[in-house]
Amino acid sequence: MVKERLNELPDELIVTILSKLPTFKESVATRLISRRYEDPWNLAQDVTLKDNDEESFMTFLYGSLLSNDAPALERLRLKLTRKHSASDIEFWVQTAVNRNVRKLRFDLLPCGTLELPSCLRTCTTLKSLILRGVLMESVPSGFRLPSLRSLHLFSVNFSIGDSVANLLKICPHLEYLVLNDTRYDVDHVDDEFAPLRFCLSSLKSLHLCSVIFSGNNSVTRLLRSCPVLETLVINQTKCAYKMFEVVFPPRSCLSSLKTLHLLSVNFSSDESVVKLLENCKALENLVITRTRDDNVWLFNITVPTLKSLSISNAKVKRADAPGFVINAPSLERLNIKDTVSNFLMFGYMPEVTTANIEAVCDQSENFVGSLTFMQHLSLCSPTTKTPYTSGTVFFFLEHLELCTCSARWAKLLGSILNDAPRLQSIKLKSKCSARFKRPMELWTEPTVAPECLLKHLEILEWREYDGTEQERKVAAYILGNATCLKMATFSTRSGDKCTELKKISRVSEICQLVFE
């Protein structure tokens with residue numbers, strides 16, 4: 001009713017009324033209001049407002065005030081580079097609250113001061129709040145964000161006497177929390193079992209990126225306040241802070257954790273890694289990324305419940321840092337890229353069905369040979385040894401992707417063909433750049449055609465086929481023995497190589513040659 005009455009007023013009077021509001025510019029207001037009947041307010045549901053764009057500000061504000069059918073606001077992002085009064089920000093946010101805003105983001109660069117608008121305490125629709133480049137004023141006593149489910153803090157500082165903890169206390173139903181380049185100050189309490197100041201009883205996902213914690217046991221105390229946490233991501237790439245200084249309490253809140261990401265995390269000792277994982281009684285997904293900045297000597301991963309493991313270690317090369325020991329009997333998916341470790345040991349993992357391995361490893365008896373039940377294998381092994389012991393049979397292996405960067409890749413292919421009787425598809429492709437690719441050694445044909453070629457192989461895909469003499473021998477051997485082959489795809493830059501391949505005899509009458 002108020003909007004209808006306001007719209008009935010003369011344009012000049014509406015302009016006079018609106019001139020009392022923040023971000024007023026008469027020329028823009030006059031133009032917008034005068035055409036409101038011929039060009040009704042086109043109010044977006046996802047709005048970004050910049051304080052150097054006055055027209056977008058006024059369109060949002062005046063349209064929200066004057067429109068009779070303003071749609072609910074999905075997201076409002078305020079990008080402010082100039083200093084604005086708390087009352088101005090309060091008015092802009094109140095306008096969004098009136099439109100039932102669900103997501104709110106403040107970008108106040110460089111590090112503008114923000115006092116939480118009081119209208120948010122009564123907003124029942126706000127689910128997500130993002131603060132970036134903000135200096136937070138003290139959180140008012142009694143302030144609550146009852147409906148907030150997601151909170152992101154990027155480069156947020158707090159005024160003296162205030163902290164992240166005080167902000168978290170006003171979000172009783174928070175489920176998703178991201179702290180990025182933000183200091184976490186807590187009371188200096190030496191006992192990790194001391195009573196907690198607050199409890200994030202609904203928090204399920206916590207992301208800590210380059211966070212500095214003050215006081216002993218700060219990380220442990222934060223995690224203790226999250227009793228139902230399911231996902232924990234820690235990325236300390238830009239920070240040398242030792243994340244875990246102490247051993248976790250015997251019954252840590254991590255008992256409900258299912259997903260853990262550790263990216264360049266510093267520990268007080270290798271034993272801290274073991275204790276951390278021991279406390280993750282329900283852990284199913286683990287991601288580890290090592291960089292030159294972390295300090296773990298040997299990662300010992302012993303997790304009975306683990307189903308998915310991803311390891312990236314392409315930057316750490318130290319003579320005294322061996323690598324990884326993996327004992328995960330329930331593991332189903334393994335993704336490991338480690339071209340620098342001196343040591344990799346795999347325990348028996350009979351549940352692994354998919355493995356992507358790019359690694360240098362001379363401990364053949366403890367490497368790929370422990371994955372005999374896998375169905376999909378992607379393998380890059382520059383080592384001079386076959387990465388499994390003689391006599392190993394991959395009876396369930398159906399799909400193989402083999403990297404062609406090493407000089408002995410064809411010998412490895414011959415071994416796998418003999419040891420994988422049910423292999424159905426082969427993809428040959430170099431995962432390395434051209435400067436790391438080694439000339440192929442002489443190809444020696446197996447004396448007896450492997451069972452997989454005689455009975456099962458249907459697909460051959462060869463990327464970056466150069467058509468060298470040795471490569472032609474490999475191609476001719478497969479095409480000449482794969483009786484069930486349906487399609488052979490070769491990716492080559494030379495038309496002459498295609499002509500040569502067409503001349504090769506194919507034992508399969510239904511095989512199609514495809515050139516890309």
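Predicted, not measured: the structure shown is a model, and the values here were computed from it.

Rules behind the numbers
- Residues numbered from 1 in each chain as written.
- Predicted model: local features only at pLDDT ≥ 70, side-chain atom pairs only at ≥ 80, totals over all residues.
- Heavy atoms only, no water.
- Helix = DSSP H or I, 4+ residues; strand = E, 2+ residues; numbered from the N terminus.
- Buried < 20%, exposed > 50% of the residue type's maximum accessible area, 1.4 Å probe, protein only.
- Areas by Shrake-Rupley, 256 points an atom, 1.4 Å probe, with all protein chains shown as cover.
- Core = buried A, V, L, I, M, F, W, Y, C linked by side-chain atoms within 4.5 Å.
- Domains from an automatic or database assignment.
- Contact = heavy atoms within 4.5 Å.
- Salt bridge = Lys/Arg side-chain N within 4 Å of Asp/Glu carboxyl O.
- Pairing = 2+ DSSP bridges.
- Axes fitted to C-alpha atoms, helices over the stretch in contact; angles between N-to-C directions.
- Phe/Tyr/Trp six-rings, centres within 6.5 Å; stacked < 30°, edge-to-face > 60°.
- Patch = residues over 30% accessible without salt bridge, like charges linked within 9 Å, V, L, I, M, F, W, Y side chains within 5 Å.
- Right-handed = clockwise from strand over helix to strand, strands pointing away.
- Disulfide = S-S within 2.5 Å.
- pLDDT = per-residue confidence, 0-100.

Chemist: Account for the overall build of the chain, naming residues and giving values.
Modeler: When helices and strands are tallied, the chain shows 12 helices and 27 strands. Counting all 516 residues of the chain, 48% fall into the buried class. In the structure as shown, the chain presents an accessible area of about 23800 Å², 50% of it carried by carbon and sulfur atoms.

Chemist: Account for the nonpolar core, with residues named and values stated.
Modeler: By size, the foremost hydrophobic cluster in this structure holds 135 residues, and its most contacted members are Ile301 and Ile357. Taken domain by domain, the makeup of this core includes at least three residues from each of domain 1 (28–187) and domain 2 (199–349). Leaving out residues up to four positions away in the same chain, isoleucine 301 has contacts with Leu277, Leu286, Ile288, Leu306, Leu309, Ile311, Phe324, Val325, Ile326 and Asn327.

Chemist: For the pattern of salt bridges, give the residues involved together with the corresponding values.
Modeler: All chains considered together, the criterion is met by 15 salt bridges. When the shortest N-O distance is used, the salt bridge between glutamate 469 and lysine 473 registers 4.0 Å. Taken together, the positions of glutamate 469 and lysine 473, both in helix H11 (residues 469–481) and 4 residues apart, correspond to about one turn of that helix. Relative accessible area serves as the criterion here: at 35%, lysine 473 is assigned to the partly exposed category. Among the charged side chains, a salt-bridge network with shared partners connects Glu74, Arg102 and Lys103.

Chemist: Outline the sheet that holds strand E16 (residues 298–302), listing residues and values.
Modeler: The sheet built from 3 strands is open, its strands ordered E16-E18-E20 with parallel pairing. Of all strands in the sheet, those with a lone pairing partner are E16 and strand E20 (343–346), marking the two edges. Strand-to-strand twist in this sheet, taken as the mean axis angle between neighbours without regard to direction, amounts to 5°.

Chemist: Tell me about the packing of aromatic side chains, and please be specific about residues and values.
Modeler: Under the counting rule described, the total for this entry stands at 9 aromatic pairs. Site record: aromatic cluster; members linked through ring pairs are Trp409, Trp462, Tyr465 and Phe490.

Chemist: Before we move on, can you summarise a nonpolar patch on the surface with the specific residues and values?
Modeler: Together, Tyr348, Phe373, Val393, Phe395 and Phe396 make up an exposed nonpolar region whose accessible area comes to about 470 Å². Checked against the element boundaries, phenylalanine 395 lands in the loop between strand E22 (376–380) and strand E23 (399–402).

Chemist: A description of the pairing of strand E3 (residues 103–114) should follow, citing residues and the corresponding values.
Modeler: Bridge count for strand E2 (residues 75–80) against E3 is 6 bridges, and the pairing is parallel. The residue bridging leucine 76 from the neighbouring strand is leucine 104, located in E3. Following the chain from E2 across helix H5 (residues 86–98) to the adjacent parallel E3, one finds a crossover that is right-handed. Bridge count between E3 and strand E4 (residues 128–136): 8 bridges; the pairing is parallel. In the sheet register, glycine 112 faces E4, and the bridge partner there is valine 134.

Chemist: Provide a residue-level description of the environment of lysine 127, including the pertinent values.
Modeler: Within the fold, lysine 127 resides in the loop between E3 and E4. C-alpha of lysine 127 to C-alpha of leucine 104: the two residues are 23 residues apart in sequence and 8.4 Å apart in space. Those residues in contact with lysine 127 that sit more than four places away from it in its chain are Arg102, Ser147, Leu148, Arg149 and Ser150.

Chemist: I'd like a rundown of the environment of phenylalanine 373, residues and numbers included.
Modeler: Tracing the backbone through its elements, the reader meets phenylalanine 373 in the loop between strand E21 (354–359) and E22. The class of phenylalanine 373 is partly exposed, set by a relative accessible area of 31%. With 24 residues separating them along the chain, phenylalanine 373 and leucine 397 place their C-alpha atoms 7.2 Å apart. Setting aside residues no more than four positions away along its own chain, phenylalanine 373 makes contact with Tyr348, Pro350, Val352, Thr353 and Phe396.

Chemist: Hey, could you go over the state of the cysteines for me, with residue numbers and the actual values?
Modeler: By the definition in use, this model includes 0 disulfides. The thiol of cysteine 119 is not disulfide-bonded; the next cysteine sulfur, from cysteine 123, is found 7.5 Å away. A relative accessible area of 4% means that cysteine 119 is categorised as buried.

Chemist: An account of the confidence of the model for the chain is requested, with residue identities and associated values reported.
Modeler: Here the chain averages 82 in pLDDT, and 78% of its residues register 70 or above. Across residues 1–5, where pLDDT falls below 50, the model places 6 contacts with residues more than four positions away in sequence or in other chains.

Chemist: Summarise the pairing of E20; cite the residues concerned and give the values.
Modeler: For a regular strand, the rule is simple: side chains alternate between the two faces of the sheet. The side-chain alternation of E20 yields one buried face, formed by Leu344 and Phe346, and one unburied face, formed by Phe343 and Met345. Relative to E20, strand E18 (residues 323–327) runs parallel, the two being bridged by 4 bridges. When the bridges of E20 are listed, valine 325 appears paired with methionine 345.

Chemist: Account for the environment of serine 201, with residues named and values stated.
Modeler: With respect to the helices and strands, the residue serine 201 is situated in the loop between strand E8 (183–184) and strand E9 (205–209). Taking the relative accessible area as the measure of exposure, serine 201 reaches 42% and is therefore partly exposed. Placed 24 residues apart in sequence, serine 201 and serine 225 show a C-alpha to C-alpha distance of 7.3 Å. Residues contacting serine 201, with those up to four places away along its chain left out, are Pro172, Ser225, Pro227 and Val228.

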